[in-house]
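So you can see what is in the structure, the chains are spelled out below.
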Amino acid sequence: MTISIKTSEEIAKMRIAGRLAGEVLDYITPFVKVGISTDELDKLCHDYMVNVQGCIPAPLNYAPHGHAPYPKSICTSINHQVCHGVPGDKKLKNGDIVNLDITTIKDGYHGDTSRMFYVGEPSIQARRLCESTHEAMWRGIRTVKHGSTLGDIGYAIQSFVEGLGYSVVREFCGHGIGKKFHEEPQVLHYGKANSGIRLEAGMIFTIEPMVNAGKAGIKQLGDGWTIVTKDHSLSAQWEHTILVTETGFEVLTLSADAPPPPEL
Ligand code: MF3
Ligand code: CO
Ligand code: CO
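Residues numbered from 1 in each chain as written. Chains lettered and ligands numbered in written order. Predicted model: local features only at pLDDT ≥ 70, side-chain atom pairs only at ≥ 80, totals over all residues. Heavy atoms only, no water.

Counting residues in each nonpolar core, the largest one holds 29 residues, and the members touching the most others are I141, V144, I153, V161, L199, F205 and I207. Elements supplying a minimum of two residues to this core: α3 (124-141), α4 (150-163), β9 (204-207) and β14 (240-244). Take this core: its biggest share by element is 7 residues, from α3. With sequence-adjacent residues up to four places away left out, I141 is seen in contact with I207, H240, I242, F249 and V251. Formed by 20 residues, the second largest nonpolar core is a distinct cluster that contains A21, I28, M49 and I102. (Core = buried A, V, L, I, M, F, W, Y, C linked by side-chain atoms within 4.5 Å. Buried < 20%, exposed > 50% of the residue type's maximum accessible area, 1.4 Å probe, protein only. Helix = DSSP H or I, 4+ residues; strand = E, 2+ residues; numbered from the N terminus. Contact = heavy atoms within 4.5 Å.)

Here you go:
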């Protein structure tokens, strides 16, 4: 188990890759409307990353062990889809909630971030799930500093989420990130305070809780990628890439239009 400590040169490159990933979400926001297909969103993001930003979309042809190569440039997870939804010709409809997950590679380094979007006018319950998941991510982020633990992150997220009657998905977690898309450590979104690995300044990892309105159980669809809730309940996710600093954290995937952190 080795977690890399990034050098200041690497951190500078991660800041750029991270900001660019956030800026893809800023760019795509006005297009997320009733009637657009997730394939169209994928194409718009792909072209923006490649032609405007000079980035490589990391998901395209990504093939972790046991998976067929991922066929698209972004992930689009709608309603009861938890994560890794594969863009297709299905059009967004009024009331949908959709997660767009963007991972850029710039100058050899990765930036990974996702947000929830409202299509038209989702239900009060759907909005509350999305807002609560955003707050859960930030509660996790705010525990981060040199000397705190991975368990502190998981505990902050799980205790908040379960207190609202929601559940935390267990099978997928945040991850170290750098030259590789997925590095050590695994960042669980549940756990015990003051447990697990101690954070050190210079570590970089994502925090990306997946929160189900119903039970935590999930299953994979026949496409080999899309993950859905077993009970068909709604699911939400937000993600940022985080640098551990001596005094706290730096969010590397912020951009001009990133939703502000909630006041607690
Ligand atoms: N971006 C996802 C994450 O946050 C991973 C997507 S892998 C893909 O870790 F192949 F589905 F794109
Ligand atoms: Co990630
Ligand atoms: Co991601």
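The next point concerns the coordination of the cobalt ion (ligand 2). Distances from the cobalt ion (ligand 2) to its protein donors, namely D112 (OD), H175 (NE2), E208 (OE) and E239 (OE), fall within the range 2.0 to 2.2 Å. Angles of 51 to 163° at the metal separate the 6 donor atoms of the cobalt ion (ligand 2), which places the site in the irregular class. Between the cobalt ion (ligand 2) and the cobalt ion (ligand 3) the interatomic distance comes to 3.3 Å, and D112 is a ligand of both metals. Pair noted here: H175 is in strand β7 (residues 174-176) and E239 is in the loop between β13 (235-237) and β14, with a separation of 64 residues, a long-range link. For the pair shown, H175 and E239 are each scored as buried. (Donors = N, O, S within 2.8 Å, 3.2 Å for Na, K, Ca; no water. Tetrahedral: all angles 85-135°; square planar, octahedral: opposite > 155°, others 65-115°.)

D101, H175, H182, E208 and E239 are the nearest of the 14 residues found near ligand 1. The contact in question runs from a nitrogen atom of ligand 1 to an N or O atom on the side chain of D101, over 3.1 Å. With respect to ligand 1, the side chain of T103 contributes an N or O atom lying 3.4 Å from a nitrogen atom. Its free accessible area being 330 Å², ligand 1 has 96% of it covered by the protein chains. Considered class by class, the residues forming the shell around ligand 1 number 6 nonpolar, 4 polar and 4 charged. (Near = heavy atom within 4 Å. Polar contact = N/O pair within 3.5 Å; in protein donor to acceptor, adjacent residues only side chain to side chain. Areas by Shrake-Rupley, 256 points an atom, 1.4 Å probe, with all protein chains shown as cover. Nonpolar A, V, L, I, M, F, W, Y, C, P; charged D, E, K, R; others polar.)

Attention now moves to the packing of aromatic side chains. For the coordinates displayed, the defined rule picks out 4 aromatic pairs. Judged by centre distance (5.0 Å) and plane angle (90°), the ring pair of Y70 and W225 falls under edge-to-face. Taken together, the positions of Y70 in the loop between β1 (56-57) and β2 (75-78) and W225 in the loop between β11 (218-220) and β12 (227-229) put the pair 155 residues apart, joining distant regions of the chain. We note that Y70, like W225, is buried. Joined through ring pairs, the aromatic side chains of Y27, F31 and Y48 make up one cluster. We note R127 situated over the ring of Y118; from NZ or CZ to the ring centre the distance is 4.9 Å. Seen from the ring of Y190, R170 lies directly overhead, with NZ or CZ sitting 4.5 Å from the centre. (Phe/Tyr/Trp six-rings, centres within 6.5 Å; stacked < 30°, edge-to-face > 60°. Lys NZ or Arg CZ within 6 Å of the ring centre and 35° of its normal.)

With that out of the way, let us pick up the coordination of the cobalt ion (ligand 3). Around a metal, the ideal angle is 109.5 degrees if four donors adopt a tetrahedral arrangement and 90 or 180 degrees if six donors adopt an octahedral arrangement. Around the cobalt ion (ligand 3), the donor atoms from the protein are D101 (OD), D101 (OD), D112 (OD) and E239 (OE), and they sit 2.1 to 2.4 Å away. In this structure, the cobalt ion (ligand 3) is surrounded by 6 donor atoms whose angles at the metal cover 58 to 165°, and the resulting shape is irregular. Of note, the donors binding the cobalt ion (ligand 3) are all from one chain and are spaced D-x10-D-x126-E.

Right, let's talk about the sheet that holds β13 for a bit. Strand pairs in the sheet, formed through backbone hydrogen bonds, run parallel or antiparallel to each other. The 3 strands lie next to each other as β6-β10-β13, forming an open sheet whose pairing is antiparallel. Across the chains shown, the open sheet's two edge strands, defined by having one partner strand only, are β6 (167-168) and β13. As paired elements, strand β10 (residues 210-212) and β13 share 3 bridges and run antiparallel to each other. Among the inter-strand pairings, N212 is bridged to a residue of β13, identified as S235. (Pairing = 2+ DSSP bridges.)

What is shown is where atoms sit, not what they do.
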